[in-house]
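Chain by chain, the residues:
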Amino acid sequence: MKLYRFITGPDDSAFCHRVTAALNAGWDLHGTPSLTFDAAKGIVVCGQAVTKDVSGESYSPEIKLSDY
């Protein structure tokens, strides 16, 4: 089964740590990161897609992606 997540958050070290934690848990970067400016909050928001192949499992909408 191939899993997909899109990690988002303010452009700060916490976002980088979340992506780093995903990479160290076996997730792979998928595509390039994205940035946008939230004018209402006055912050830059980042996004990064990650994927992970999990063998021996079948996809179900009930799975919790963060458990992988």
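Residues numbered from 1 in each chain as written. Predicted model: local features only at pLDDT ≥ 70, side-chain atom pairs only at ≥ 80, totals over all residues. Heavy atoms only, no water.

**Thoughts on the pattern of salt bridges**
Going by this rule: By convention in these notes, a salt bridge is any Lys or Arg side-chain nitrogen within 4 Å of a carboxyl oxygen on Asp or Glu. Helix and strand assignments come from DSSP, with helices taken as H or I runs of at least 4 residues and strands as E runs of at least 2, each series counted from the N terminus. Only protein chains enter the accessibility calculation, which uses a 1.4 Å probe. A residue is then buried if its area is under 20% of the maximum for its type, exposed if over 50%, and partly exposed in between.
Summed over all chains, the structure comprises one salt bridge. Aspartate 53 is the partner of lysine 2 in a salt bridge, and the nearest nitrogen-oxygen pair spans 3.3 Å. With lysine 2 in strand β1 (residues 2-10) and aspartate 53 in strand β3 (residues 43-53), this residue pair connects regions lying 51 residues apart in the sequence. Taking the relative accessible area as the measure of exposure, aspartate 53 reaches 56% and is therefore exposed.

**A look at the pairing of strand β2 (residues 28-38)**
Filter applied, for reference: Strands are labelled as partners when DSSP assigns at least two bridges between them.
For β2 and β3, the ladder comprises eight bridges, and the chain directions are antiparallel. Bridge pairing links threonine 36 to valine 45 in β3. The antiparallel hairpin formed by β2 and β3 contains four residues in its connecting segment, where glycine 42 sits at a positive phi of about 70°.

**Some remarks on the pairing of β3**
Pairing of β1 with β3, which is carried by nine bridges, proceeds in the antiparallel orientation. Of the residues in β3, the one forming a bridge with isoleucine 7 is glutamine 48.

**Quick notes on the nonpolar core**
Across soluble globular proteins, you tend to see nonpolar side chains buried next to one another. As a reminder of what qualifies: For the purposes of this section, nonpolar cores are sets of buried Ala, Val, Leu, Ile, Met, Phe, Trp, Tyr and Cys residues that join through side-chain atoms within 4.5 Å.
Counting nine residues, the largest nonpolar core is built from Leu3, Ile7, Phe15, Val19, Ala22, Trp27, Cys46, Val50 and Val54. Put simply, the parts of the chain that give this core at least two residues each are β1, α1 (13-24) and β3. The element that contributes the greatest number of residues to this core is α1, accounting for three residues.

**Section: a nonpolar patch on the surface**
Note the following rule: The patches reported here contain residues having more than 30% relative accessible area and no salt bridge. Joining distances are 9 Å for like charges and 5 Å for nonpolar side chains (Val, Leu, Ile, Met, Phe, Trp, Tyr). Surface accessibility follows the Shrake-Rupley procedure with a 1.4 Å probe radius. Residue values consider only the protein chains on display as shielding.
On the surface, a nonpolar cluster with roughly 310 Å² of combined accessible area is contributed by Leu35, Phe37 and Val44. Tracing the sequence through the fold places valine 44 in strand β3.

**Description of α1**
As a reminder of what qualifies: One less than the residue count of a helix, multiplied by 1.5 Å, gives the span that helix is expected to have. Directions pointing from the helix axis toward each C-beta atom define the arc. Whether two residues touch is decided by their heavy atoms; if any such pair falls within 4.5 Å, the residues are in contact.
The end-to-end C-alpha separation of α1 is 16 Å, in line with the 16 Å expected for twelve residues at 1.5 Å each. Buried within α1 we find Phe15, Val19 and Ala22. Considered in projection along α1, the buried side chains sweep an arc of 55° and stay on one side of the axis. When the buried face of α1 is taken as reference, the exposed residues oriented beyond 90 degrees from it are Ser13, His17 and Asn24. Along its buried surface, α1 packs onto β1, β2 and β3.

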